[in-house]
Amino acid sequence: MNNIELCELLVKDVYLHFDASHDFQHIERVRENARKISAEEGDVRSDIIELAVLLHDVSDVKYSGPEGKKKENDILNQLSLSSSDRQWIVDIIESVSFSGGQEKTASTLEAKIVRDADRLDAIGAVGIARTFAFGGAKGRRLYDWSEVPRTNMTESQYRNEKTSSVTHFYEKLLLLKDLMVTETGKKLALQRHEFMLAFIDQLKIETSEYE
């Protein structure tokens with residue numbers, strides 16, 4: 001069994017305990033996004049990209065808390081990796097998260113590809129579905145048109161202050177099109193972004209009579 005096969009086997013058990021917004025189907029979609037971007041962006045270490053994609057949500061504090069980093073390290077310890085490749089994967093994972101706009105720099109092409117691949121899955125039709133799946137799991141209101149979207153948030157504010165699911169569009173999802181860092185990611189984000197705008201417009205029409 002090679003590193004990717006073993007890693008996939010190990011992470012599947014972790015993602016079984018996450019809600020539908022961050023389950024293994026999310027990982028599969030991000031992996032396919034990464035492959036599409038990689039095919040257009042030049043020579044990359046595809047194995048590093050795939051391992052980073054498989055692992056990137058294992059240590060997500062929304063689900064795993066402080067134990068997440070231990071799980072990530074436990075899996076990495078079972079893979080046959082050089083110390084430099086291991087650190088490369090860790091650096092990529094740390095640069096993926098939006099963190100309320102406080103994300104770390106994606107310094108390599110591989111990191112940029114993984115970040116864009118993950119963010120593509122946060123927008124468009126699947127992004128809408130994931131937002132409401134997460135909001136439902138956390139008991140959030142569908143919408144609150146009186147909420148004012150926050151800017152210049154700390155990571156703690158972003159993660160811990162509960163807002164409606166629709167407000168999350170304005171605080172993150174509608175910003176991602178302009179935060180893509182690969183040319184392919186930018187192109188792929190356009191149609192998904194427009195679909196979200198259309199969805200928000202339709203939701204406003206359908207809910208206006210209840211305001």
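Up top is the structure these notes are about.
Note that the structure is a prediction, hence the values are computed from the model and not measured.

**Considering the pattern of salt bridges**
Two side chains of opposite charge can pair, provided their charged atoms sit close to one another.
Stage number 1. In the structure shown here, the tally under the stated rule is 17 salt bridges.
Stage number 2. In this structure, Arg31 engages Glu50 in a salt bridge whose closest nitrogen and oxygen atoms are separated by 3.0 Å. Taken together, the residues span a long stretch of sequence, with Arg31 in helix α2 (residues 24-41) and Glu50 in helix α3 (residues 46-55) at a distance of 19 residues. Per residue, the accessibility class of Arg31 equals that of Glu50, and both read buried.
Stage number 3. One salt bridge in this structure joins Asp47 and Arg45, with 2.8 Å as the shortest N-O distance.
Stage number 4. Looking at Arg45, the relative accessible area reads 29%, which means it is partly exposed.

**Considering the packing of α3 against helix α6 (residues 83-96)**
Stage number 1. Their axes nearest at 9 Å, the elements α3 and α6 cross at an angle of 50°. Looking at the two axes, α3 sits oblique to α6. Both α3 and α6 take part in a crossing whose hand is right-handed. Contacts between α3 and α6 involve Ile48, Leu51, Ala52 and Leu55 on the former and, on the latter, Asp85, Trp88, Ile89, Ile92 and Ile93.
Stage number 2. Split into classes, the residues belonging to the contact of α3 with α6 amount to eight nonpolar, no polar and one charged.

**Points about the packing of aromatic side chains**
Stage number 1. Counted under the stated rule, the structure contains eight aromatic pairs.
Stage number 2. Ring geometry for Tyr15 against Phe18: centres 5.5 Å apart, planes inclined by 75°, an arrangement best described as edge-to-face.
Stage number 3. In this structure an aromatic cluster arises from ring pairing among Tyr15, Phe18, Phe24, Tyr63 and Phe134.
Stage number 4. Taking the ring centre of Tyr63 as reference, the NZ or CZ of Lys138 above it sits at 5.8 Å.

Criteria and thresholds
Residues numbered from 1 in each chain as written. Predicted model: local features only at pLDDT ≥ 70, side-chain atom pairs only at ≥ 80, totals over all residues. Heavy atoms only, no water. Salt bridge = Lys/Arg side-chain N within 4 Å of Asp/Glu carboxyl O. Helix = DSSP H or I, 4+ residues; strand = E, 2+ residues; numbered from the N terminus. Buried < 20%, exposed > 50% of the residue type's maximum accessible area, 1.4 Å probe, protein only. Axes fitted to C-alpha atoms, helices over the stretch in contact; angles between N-to-C directions. Parallel < 35°, antiparallel > 145°, perpendicular 65-115°, else oblique. Left-handed = near helix turned anticlockwise from the far one by under 90°. Contact = heavy atoms within 4.5 Å. Nonpolar A, V, L, I, M, F, W, Y, C, P; charged D, E, K, R; others polar. Phe/Tyr/Trp six-rings, centres within 6.5 Å; stacked < 30°, edge-to-face > 60°. Lys NZ or Arg CZ within 6 Å of the ring centre and 35° of its normal.

Keep in mind these values describe shape, not function.
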